[in-house]
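Analysis of the macromolecular model
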Amino acid sequence: MSNEQSRQSGSGLDVLISGGSMGGLFTGIALARSGHRPAICERSAGALESRGGGIVAQRNIRRFLSDHDIVDPEEITTRSHERRFLTESGDVERAVSETMVFTSWDALYRQLRDAFPDERYRTGAEVTAVTPEAAAVRIDDGTERTADVVVAAEGGQSSTRAQLYPDVEPEFASYVAWRGVVDEADLSGACVGAFDGTFTFYQGADQLILAYFIPGPDGETAPGSRRLNWVWYDTLDGRDRGAIFTDTSDAERRFSVSPGRLRDPVRRRQRERAATLPPVFETLVSETSEPFVQAIYDLTVPAMVADRVCLLGDGAFVARPHTAAGTAKAAGDATALADALASRGSVNDALAAWDRTRTEYGAGLVARGKEMGDVRLNLD
Ligand SMILES: Cc1cc2nc3c(=O)[nH]c(=O)nc-3n(C[C@H](O)[C@H](O)[C@H](O)COP(=O)(O)OP(=O)(O)OC[C@H]3O[C@@H](n4cnc5c(N)ncnc54)[C@H](O)[C@@H]3O)c2cc1C
(Lines give C-alpha, C1' and ligand atoms only; values in the text may rest on other atoms or scores of the structure.)
Protein backbone atom coordinates (compact mmCIF):
# COMPACT_ATOMS: atom_id res chain seq x y z
CA MET A 1 0.00 0.00 0.00
CA SER A 2 1.39 3.47 -0.89
CA ASN A 3 1.76 6.12 1.79
CA GLU A 4 -1.13 8.08 0.31
CA GLN A 5 -3.33 4.96 0.30
CA SER A 6 -2.36 4.08 3.86
CA ARG A 7 -3.43 7.55 4.96
CA GLN A 8 -6.70 7.45 3.03
CA SER A 9 -7.53 4.04 4.49
CA GLY A 10 -7.44 5.78 7.87
CA SER A 11 -4.35 4.08 9.23
CA GLY A 12 -2.49 7.34 9.79
CA LEU A 13 0.95 8.53 8.74
CA ASP A 14 4.46 7.68 9.83
CA VAL A 15 5.93 10.98 10.95
CA LEU A 16 9.57 11.29 11.91
CA ILE A 17 10.24 14.25 14.19
CA SER A 18 13.75 15.56 14.57
CA GLY A 19 14.12 17.39 17.90
CA GLY A 20 12.46 16.38 21.16
CA SER A 21 12.07 19.70 22.96
CA MET A 22 8.79 21.65 23.12
CA GLY A 23 8.09 21.79 19.37
CA GLY A 24 8.84 18.09 18.82
CA LEU A 25 6.74 17.00 21.80
CA PHE A 26 3.74 19.23 20.98
CA THR A 27 3.85 17.77 17.45
CA GLY A 28 4.28 14.17 18.57
CA ILE A 29 1.39 14.39 21.05
CA ALA A 30 -0.97 16.21 18.65
CA LEU A 31 -0.26 13.78 15.79
CA ALA A 32 -0.51 10.64 17.96
CA ARG A 33 -3.90 11.81 19.24
CA SER A 34 -5.01 12.25 15.59
CA GLY A 35 -4.20 8.62 14.75
CA HIS A 36 -0.73 9.08 13.23
CA ARG A 37 2.48 7.29 14.22
CA PRO A 38 5.05 9.91 15.29
CA ALA A 39 8.58 8.97 16.37
CA ILE A 40 11.01 11.49 17.85
CA CYS A 41 14.82 11.61 17.47
CA GLU A 42 16.47 13.95 19.98
CA ARG A 43 20.19 14.55 19.66
CA SER A 44 20.84 15.25 23.38
CA ALA A 45 21.65 12.14 25.32
CA GLY A 46 20.95 13.68 28.74
CA ALA A 47 17.84 15.16 30.32
CA LEU A 48 16.77 18.50 28.87
CA GLU A 49 14.71 19.55 31.88
CA SER A 50 17.66 20.53 34.02
CA ARG A 51 17.96 23.78 32.03
CA GLY A 52 15.58 26.67 31.42
CA GLY A 53 13.67 29.41 33.20
CA GLY A 54 10.26 31.05 32.90
CA ILE A 55 7.68 30.89 30.15
CA VAL A 56 4.48 32.88 29.72
CA ALA A 57 1.81 30.16 29.64
CA GLN A 58 -0.29 31.62 26.83
CA ARG A 59 -3.87 30.44 26.48
CA ASN A 60 -3.15 28.01 23.62
CA ILE A 61 -0.48 26.23 25.70
CA ARG A 62 -2.94 25.79 28.57
CA ARG A 63 -5.61 24.62 26.14
CA PHE A 64 -3.17 22.08 24.66
CA LEU A 65 -2.54 20.64 28.13
CA SER A 66 -6.23 20.29 28.97
CA ASP A 67 -7.46 19.23 25.50
CA HIS A 68 -4.92 16.40 25.45
CA ASP A 69 -5.61 15.41 29.11
CA ILE A 70 -1.97 16.03 30.00
CA VAL A 71 -2.39 18.03 33.21
CA ASP A 72 -4.71 20.62 34.68
CA PRO A 73 -2.78 23.82 33.75
CA GLU A 74 -3.56 25.24 37.23
CA GLU A 75 -1.21 22.63 38.68
CA ILE A 76 1.89 23.93 36.92
CA THR A 77 1.24 27.66 36.63
CA THR A 78 1.59 30.82 38.71
CA ARG A 79 -0.29 34.08 38.19
CA SER A 80 0.28 37.80 38.46
CA HIS A 81 -2.58 40.28 38.67
CA GLU A 82 -0.79 43.52 38.02
CA ARG A 83 1.80 44.79 35.54
CA ARG A 84 3.99 47.16 37.52
CA PHE A 85 6.63 49.63 36.31
CA LEU A 86 9.31 50.85 38.73
CA THR A 87 11.39 54.01 38.73
CA GLU A 88 15.16 53.79 39.07
CA SER A 89 14.86 54.41 42.80
CA GLY A 90 12.35 51.55 43.10
CA ASP A 91 9.06 53.47 43.50
CA VAL A 92 6.02 52.27 41.61
CA GLU A 93 5.69 54.62 38.64
CA ARG A 94 2.63 52.97 37.08
CA ALA A 95 0.53 49.87 37.72
CA VAL A 96 -1.97 48.29 35.38
CA SER A 97 -4.40 45.61 36.42
CA GLU A 98 -3.83 42.53 34.22
CA THR A 99 -3.73 38.77 34.83
CA MET A 100 -0.76 36.88 33.38
CA VAL A 101 -0.12 33.15 33.69
CA PHE A 102 3.40 31.73 33.91
CA THR A 103 5.06 28.37 34.07
CA SER A 104 8.63 27.12 33.96
CA TRP A 105 10.28 25.52 30.96
CA ASP A 106 11.19 22.44 33.00
CA ALA A 107 7.67 21.92 34.43
CA LEU A 108 6.06 22.15 30.99
CA TYR A 109 8.70 19.99 29.32
CA ARG A 110 8.30 17.28 31.98
CA GLN A 111 4.52 17.13 31.46
CA LEU A 112 4.87 16.91 27.68
CA ARG A 113 7.64 14.33 27.89
CA ASP A 114 5.58 12.14 30.28
CA ALA A 115 2.66 12.28 27.84
CA PHE A 116 4.74 10.89 24.97
CA PRO A 117 5.65 7.15 24.97
CA ASP A 118 9.30 6.30 25.73
CA GLU A 119 9.44 3.67 22.98
CA ARG A 120 8.81 6.41 20.40
CA TYR A 121 11.31 8.92 21.87
CA ARG A 122 14.91 8.19 21.03
CA THR A 123 17.70 10.19 22.69
CA GLY A 124 21.29 10.59 21.53
CA ALA A 125 20.09 10.44 17.91
CA GLU A 126 21.01 13.39 15.72
CA VAL A 127 19.48 13.84 12.28
CA THR A 128 22.38 14.76 10.01
CA ALA A 129 20.68 15.02 6.58
CA VAL A 130 17.23 14.94 5.00
CA THR A 131 15.97 13.97 1.53
CA PRO A 132 12.79 16.07 1.26
CA GLU A 133 11.18 14.36 -1.76
CA ALA A 134 11.54 10.92 -0.13
CA ALA A 135 10.74 12.05 3.46
CA ALA A 136 13.98 10.30 4.46
CA VAL A 137 16.53 11.18 7.11
CA ARG A 138 20.04 10.07 7.93
CA ILE A 139 20.88 9.65 11.62
CA ASP A 140 24.35 10.04 13.14
CA ASP A 141 24.60 6.30 13.92
CA GLY A 142 24.75 5.78 10.14
CA THR A 143 21.17 4.51 9.74
CA GLU A 144 18.55 5.93 7.37
CA ARG A 145 14.83 6.17 8.03
CA THR A 146 11.93 6.92 5.74
CA ALA A 147 8.53 8.23 6.81
CA ASP A 148 5.48 9.83 5.18
CA VAL A 149 6.40 13.24 6.61
CA VAL A 150 9.48 14.57 8.40
CA VAL A 151 9.10 17.40 10.92
CA ALA A 152 12.29 19.24 11.88
CA ALA A 153 11.66 20.83 15.30
CA GLU A 154 15.36 21.47 15.84
CA GLY A 155 15.36 24.97 17.34
CA GLY A 156 17.17 28.12 16.20
CA GLN A 157 20.33 26.31 15.11
CA SER A 158 18.51 23.68 13.02
CA SER A 159 20.81 21.79 10.67
CA THR A 160 17.83 20.74 8.54
CA ARG A 161 16.97 24.41 8.00
CA ALA A 162 20.62 25.08 7.11
CA GLN A 163 20.45 22.27 4.56
CA LEU A 164 17.20 23.57 3.01
CA TYR A 165 18.10 27.28 3.22
CA PRO A 166 21.89 27.66 3.37
CA ASP A 167 21.59 31.46 2.99
CA VAL A 168 19.23 31.96 5.94
CA GLU A 169 21.14 32.93 9.08
CA PRO A 170 19.97 34.09 12.51
CA GLU A 171 20.48 37.89 12.69
CA PHE A 172 21.93 39.22 15.96
CA ALA A 173 19.75 42.06 17.30
CA SER A 174 22.67 43.90 19.02
CA TYR A 175 21.55 43.11 22.55
CA VAL A 176 21.45 40.18 24.95
CA ALA A 177 19.22 38.85 27.70
CA TRP A 178 20.86 38.12 31.04
CA ARG A 179 18.65 35.70 32.92
CA GLY A 180 18.33 33.92 36.21
CA VAL A 181 16.06 32.12 38.62
CA VAL A 182 16.22 32.31 42.43
CA ASP A 183 14.44 30.05 44.91
CA GLU A 184 11.83 32.07 46.77
CA ALA A 185 13.08 30.53 50.03
CA ASP A 186 16.48 32.19 49.49
CA LEU A 187 15.02 35.70 49.21
CA SER A 188 14.14 38.11 52.02
CA GLY A 189 10.46 38.66 52.84
CA ALA A 190 10.80 42.24 51.57
CA CYS A 191 12.11 41.07 48.21
CA VAL A 192 9.38 38.41 47.83
CA GLY A 193 6.74 40.97 48.83
CA ALA A 194 7.99 43.44 46.23
CA PHE A 195 7.39 40.95 43.39
CA ASP A 196 4.54 38.78 44.66
CA GLY A 197 1.42 38.86 42.49
CA THR A 198 2.97 41.26 39.98
CA PHE A 199 4.72 41.20 36.63
CA THR A 200 7.34 43.84 37.41
CA PHE A 201 9.38 45.93 34.96
CA TYR A 202 12.05 48.58 35.00
CA GLN A 203 12.74 50.39 31.73
CA GLY A 204 16.09 52.23 31.60
CA ALA A 205 17.63 54.19 28.72
CA ASP A 206 19.18 51.15 27.04
CA GLN A 207 18.07 48.30 29.27
CA LEU A 208 14.89 46.59 30.38
CA ILE A 209 14.48 44.14 33.24
CA LEU A 210 11.41 42.17 34.28
CA ALA A 211 10.58 39.52 36.86
CA TYR A 212 7.78 37.10 37.70
CA PHE A 213 7.24 34.04 39.87
CA ILE A 214 7.38 30.59 38.28
CA PRO A 215 6.88 27.11 39.76
CA GLY A 216 9.67 25.60 41.88
CA PRO A 217 12.17 23.04 40.56
CA ASP A 218 9.67 20.19 40.94
CA GLY A 219 6.75 22.22 39.64
CA GLU A 220 5.64 23.50 43.09
CA THR A 221 3.25 26.45 42.89
CA ALA A 222 2.62 27.13 46.61
CA PRO A 223 4.03 30.40 48.02
CA GLY A 224 7.34 29.65 49.71
CA SER A 225 8.44 27.02 47.22
CA ARG A 226 8.25 28.92 43.93
CA ARG A 227 11.15 30.55 42.06
CA LEU A 228 11.52 34.14 40.96
CA ASN A 229 12.51 34.42 37.29
CA TRP A 230 14.16 37.54 35.85
CA VAL A 231 15.14 38.59 32.35
CA TRP A 232 17.40 41.60 31.84
CA TYR A 233 17.77 42.91 28.28
CA ASP A 234 20.91 44.92 27.88
CA THR A 235 22.94 46.37 25.01
CA LEU A 236 26.59 45.40 24.77
CA ASP A 237 27.66 49.01 25.34
CA GLY A 238 30.98 48.54 23.55
CA ARG A 239 31.73 45.21 25.20
CA ASP A 240 33.06 42.33 23.17
CA ARG A 241 30.33 39.79 22.43
CA GLY A 242 32.93 37.04 21.97
CA ALA A 243 34.26 37.58 25.50
CA ILE A 244 30.77 37.43 27.05
CA PHE A 245 29.90 34.26 25.17
CA THR A 246 33.16 32.45 25.96
CA ASP A 247 32.20 30.03 28.74
CA THR A 248 34.13 28.41 31.60
CA SER A 249 35.49 25.75 29.22
CA ASP A 250 36.95 28.56 27.02
CA ALA A 251 34.60 27.66 24.17
CA GLU A 252 32.95 30.61 22.42
CA ARG A 253 29.19 29.94 22.24
CA ARG A 254 27.22 31.49 19.44
CA PHE A 255 23.86 32.05 21.13
CA SER A 256 23.88 31.27 24.85
CA VAL A 257 25.96 30.44 27.88
CA SER A 258 24.09 28.07 30.20
CA PRO A 259 23.63 28.39 33.98
CA GLY A 260 26.91 27.84 35.83
CA ARG A 261 29.04 28.39 32.69
CA LEU A 262 29.54 32.19 32.77
CA ARG A 263 33.17 33.18 33.45
CA ASP A 264 33.85 35.15 36.67
CA PRO A 265 34.92 38.45 35.03
CA VAL A 266 31.74 38.44 32.93
CA ARG A 267 29.55 37.80 35.98
CA ARG A 268 31.38 40.46 37.99
CA ARG A 269 30.96 43.08 35.28
CA GLN A 270 27.24 42.42 35.02
CA ARG A 271 26.80 42.52 38.80
CA GLU A 272 28.48 45.91 38.85
CA ARG A 273 26.14 47.11 36.14
CA ALA A 274 23.21 45.96 38.28
CA ALA A 275 23.86 49.06 40.41
CA THR A 276 22.02 51.02 37.67
CA LEU A 277 18.82 49.03 38.41
CA PRO A 278 16.16 49.71 41.07
CA PRO A 279 17.46 48.27 44.37
CA VAL A 280 15.02 45.37 44.43
CA PHE A 281 16.21 44.19 41.00
CA GLU A 282 19.84 44.71 41.99
CA THR A 283 19.23 42.41 44.97
CA LEU A 284 17.62 39.82 42.74
CA VAL A 285 20.56 39.79 40.34
CA SER A 286 23.12 39.56 43.13
CA GLU A 287 21.20 36.70 44.86
CA THR A 288 21.29 34.61 41.67
CA SER A 289 23.92 31.89 41.97
CA GLU A 290 23.86 30.74 38.34
CA PRO A 291 22.88 33.53 35.95
CA PHE A 292 23.00 32.82 32.24
CA VAL A 293 22.95 34.82 29.03
CA GLN A 294 21.42 34.48 25.61
CA ALA A 295 21.89 36.51 22.44
CA ILE A 296 18.72 38.06 21.04
CA TYR A 297 18.28 37.35 17.38
CA ASP A 298 15.70 37.21 14.59
CA LEU A 299 15.19 34.36 12.18
CA THR A 300 12.80 34.05 9.23
CA VAL A 301 12.51 31.34 6.59
CA PRO A 302 10.77 31.92 3.24
CA ALA A 303 8.64 28.76 3.64
CA MET A 304 8.15 26.06 6.28
CA VAL A 305 7.62 23.13 3.90
CA ALA A 306 9.93 21.59 1.29
CA ASP A 307 8.29 18.53 -0.29
CA ARG A 308 7.65 16.23 2.68
CA VAL A 309 9.84 18.07 5.21
CA CYS A 310 8.33 20.65 7.59
CA LEU A 311 10.30 23.16 9.66
CA LEU A 312 8.47 23.87 12.93
CA GLY A 313 8.85 26.09 16.01
CA ASP A 314 12.16 27.95 16.45
CA GLY A 315 13.61 25.94 13.55
CA ALA A 316 11.56 28.14 11.21
CA PHE A 317 11.02 31.50 12.97
CA VAL A 318 12.65 32.95 16.06
CA ALA A 319 10.79 35.97 17.40
CA ARG A 320 12.32 38.07 20.17
CA PRO A 321 11.25 37.09 23.69
CA HIS A 322 9.30 40.40 24.13
CA THR A 323 6.50 38.68 22.19
CA ALA A 324 6.37 35.97 24.90
CA ALA A 325 5.30 33.64 22.13
CA GLY A 326 8.11 31.18 21.24
CA THR A 327 6.60 28.18 23.01
CA ALA A 328 3.04 29.21 22.15
CA LYS A 329 4.06 29.40 18.48
CA ALA A 330 5.51 25.89 18.63
CA ALA A 331 2.22 24.63 20.16
CA GLY A 332 0.26 26.52 17.49
CA ASP A 333 2.38 25.05 14.67
CA ALA A 334 1.84 21.54 16.02
CA THR A 335 -1.91 21.87 16.52
CA ALA A 336 -2.34 23.45 13.09
CA LEU A 337 -0.35 20.63 11.46
CA ALA A 338 -2.55 17.95 13.03
CA ASP A 339 -5.68 19.91 12.02
CA ALA A 340 -4.49 20.40 8.43
CA LEU A 341 -3.70 16.68 8.03
CA ALA A 342 -7.16 15.83 9.38
CA SER A 343 -9.09 18.17 7.15
CA ARG A 344 -7.31 18.14 3.75
CA GLY A 345 -7.69 15.57 0.98
CA SER A 346 -4.03 14.79 0.38
CA VAL A 347 -0.89 15.10 2.46
CA ASN A 348 0.60 17.55 -0.02
CA ASP A 349 -2.50 19.77 0.09
CA ALA A 350 -2.48 19.65 3.89
CA LEU A 351 1.19 20.63 4.08
CA ALA A 352 0.71 23.44 1.55
CA ALA A 353 -2.20 24.90 3.54
CA TRP A 354 -0.27 24.60 6.81
CA ASP A 355 2.76 26.25 5.23
CA ARG A 356 0.74 29.26 4.02
CA THR A 357 -0.93 30.06 7.32
CA ARG A 358 1.95 29.31 9.68
CA THR A 359 4.59 31.06 7.54
CA GLU A 360 2.45 34.19 7.52
CA TYR A 361 1.96 33.95 11.27
CA GLY A 362 5.67 33.34 12.00
CA ALA A 363 6.85 36.20 9.78
CA GLY A 364 4.35 38.57 11.42
CA LEU A 365 5.50 37.57 14.89
CA VAL A 366 9.19 38.12 14.06
CA ALA A 367 8.36 41.59 12.68
CA ARG A 368 6.40 42.45 15.83
CA GLY A 369 9.27 41.26 18.05
CA LYS A 370 11.75 43.46 16.17
CA GLU A 371 9.59 46.53 16.63
CA MET A 372 9.02 45.86 20.33
CA GLY A 373 12.69 45.18 21.06
CA ASP A 374 14.12 48.09 19.09
CA VAL A 375 11.80 50.57 20.81
CA ARG A 376 12.49 49.17 24.29
CA LEU A 377 16.25 49.04 23.89
CA ASN A 378 16.31 52.39 22.12
CA LEU A 379 17.86 50.95 18.94
CA ASP A 380 17.17 52.15 15.43
C1 LIG B 1 17.19 23.06 27.21
C2 LIG B 1 16.35 24.20 26.74
C3 LIG B 1 15.91 25.17 27.67
C4 LIG B 1 15.09 26.23 27.26
N5 LIG B 1 14.66 27.13 28.19
C6 LIG B 1 13.81 28.11 27.84
C7 LIG B 1 13.28 29.01 28.82
O8 LIG B 1 13.60 28.92 29.98
N9 LIG B 1 12.40 29.98 28.43
C10 LIG B 1 12.02 30.10 27.12
O11 LIG B 1 11.19 30.97 26.82
N12 LIG B 1 12.51 29.28 26.17
C13 LIG B 1 13.40 28.28 26.49
N14 LIG B 1 13.89 27.44 25.53
C15 LIG B 1 13.49 27.68 24.13
C16 LIG B 1 12.09 27.18 23.87
O17 LIG B 1 12.01 25.80 24.11
C18 LIG B 1 11.76 27.46 22.44
O19 LIG B 1 11.90 28.82 22.14
C20 LIG B 1 10.32 27.13 22.04
O21 LIG B 1 9.68 26.36 22.98
C22 LIG B 1 10.32 26.42 20.70
O23 LIG B 1 10.92 25.16 20.89
P24 LIG B 1 11.53 24.29 19.74
O25 LIG B 1 11.20 22.87 20.11
O26 LIG B 1 11.14 24.78 18.41
O27 LIG B 1 13.11 24.52 19.83
P28 LIG B 1 14.13 24.16 21.00
O29 LIG B 1 13.48 24.23 22.31
O30 LIG B 1 15.35 24.97 20.76
O31 LIG B 1 14.49 22.62 20.77
C32 LIG B 1 15.18 22.08 19.69
C33 LIG B 1 15.52 20.63 20.04
O34 LIG B 1 16.01 19.96 18.89
C35 LIG B 1 17.18 19.22 19.21
N36 LIG B 1 17.93 19.13 17.97
C37 LIG B 1 18.55 20.13 17.29
N38 LIG B 1 19.09 19.68 16.15
C39 LIG B 1 18.80 18.35 16.09
C40 LIG B 1 19.09 17.35 15.13
N41 LIG B 1 19.75 17.63 14.01
N42 LIG B 1 18.66 16.08 15.37
C43 LIG B 1 17.96 15.78 16.52
N44 LIG B 1 17.67 16.71 17.47
C45 LIG B 1 18.07 17.98 17.25
C46 LIG B 1 17.83 20.05 20.31
O47 LIG B 1 18.71 19.28 21.10
C48 LIG B 1 16.61 20.53 21.10
O49 LIG B 1 16.21 19.62 22.08
C50 LIG B 1 14.73 26.36 25.88
C51 LIG B 1 15.18 25.41 24.94
C52 LIG B 1 15.96 24.32 25.35
C53 LIG B 1 16.41 23.26 24.33
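Thresholds, definitions, all that
Residues numbered from 1 in each chain as written. Predicted model: local features only at pLDDT ≥ 70, side-chain atom pairs only at ≥ 80, totals over all residues. Heavy atoms only, no water. Helix = DSSP H or I, 4+ residues; strand = E, 2+ residues; numbered from the N terminus. Rg over C-alpha atoms; globule rule 2.2 N^0.38 Å. Buried < 20%, exposed > 50% of the residue type's maximum accessible area, 1.4 Å probe, protein only. Areas by Shrake-Rupley, 256 points an atom, 1.4 Å probe, with all protein chains shown as cover. Lys, Arg positive; Asp, Glu negative; His and termini not counted. Charge placed at Lys NZ, Arg CZ, Asp CG, Glu CD. Near = heavy atom within 4 Å. Polar contact = N/O pair within 3.5 Å; in protein donor to acceptor, adjacent residues only side chain to side chain. Nonpolar A, V, L, I, M, F, W, Y, C, P; charged D, E, K, R; others polar. Domains from an automatic or database assignment. Contact = heavy atoms within 4.5 Å. Buried area = accessible area lost by both parts, 1.4 Å probe. Salt bridge = Lys/Arg side-chain N within 4 Å of Asp/Glu carboxyl O. Pairing = 2+ DSSP bridges. Axes fitted to C-alpha atoms, helices over the stretch in contact; angles between N-to-C directions.

All right, on to the overall build of the chain then. Along its length, the chain carries eleven helices and 18 strands. Taken against the 2.2 N^0.38 rule, which gives 21 Å for 380 residues, the C-alpha radius of gyration of the chain at 21 Å falls within 12% of a compact globule. The principal-axis extent of the C-alpha atoms belonging to the chain is close to 70 × 40 × 35 Å. Among the 380 residues that make up the chain, the fraction classed as buried is 52%. For the chain, the exposed surface amounts to about 16300 Å²; the carbon and sulfur share of it is 44%. Taking the 42 positively charged and 57 negatively charged side chains of the chain as two groups, their mean positions are separated by 1 Å.

What surrounds the ligand is a group of 29 residues, the closest being Ser-21, Gly-23, Glu-42, Gly-53 and Asp-314. Within the side chain of Ser-18, one N or O atom sits 3.3 Å away from a nitrogen atom of the ligand. A distance of 2.9 Å separates a nitrogen atom of the ligand from a polar backbone atom of Val-127. Taking 920 Å² as the accessible area of the ligand by itself, protein coverage stands at 85%. Broken down by secondary-structure element, the contributors of at least two residues to the shell around the ligand are helix 2 (22-33), strand 2 (37-42), strand 3 (54-56) and helix 10 (326-343). Looking at which element gives the most residues to the shell around the ligand, the answer is helix 10, with three residues. Looking at side-chain class alone, the shell around the ligand contains nine nonpolar, 13 polar and seven charged residues.

You can read the domains of the chain as domain 1 (3-45 + 124-170 + 299-376) and domain 2 (73-103 + 173-297). The C-alpha-based centres of domain 1 and domain 2 are spaced at 30 Å. Across the boundary between the two partners, domain 1 contributes eleven residues, which contact ten residues of domain 2. Across the interface of domain 1 and domain 2, roughly 1000 Å² is buried in total on both sides, 56% from carbon and sulfur atoms. Connecting domain 1 to domain 2 are one salt bridge. Taking the shortest distance from any N to any O, the salt bridge between Arg-254 and Glu-169 comes out at 2.7 Å. Along the contact surface separating domain 1 from domain 2 lie four residue pairs in polar contact (both at pLDDT 80 or more). Per-class residue counts for the side of domain 1 that touches domain 2 are four nonpolar, four polar and three charged.

The subject of this paragraph is the sheet that holds strand 11 (residues 171-183). Pairing is mixed across the open sheet formed by nine strands, whose spatial order is 3-5-4-12-13-14-11-16-15. Taken across any chain shown, the strands that pair with only one partner, and hence form the sheet edges, are strand 3 and strand 15 (256-257). When strand 4 (residues 78-86) meets strand 5 (residues 92-104), the two strands line up antiparallel, connected through eight bridges. The partner of Phe-85 across the bridge, within strand 5, is Arg-94. Contacting strand 3, strand 5 and strand 14 (227-235), helix 4 (residues 105-114) crosses the sheet at an angle of about 25 degrees to strand 5.

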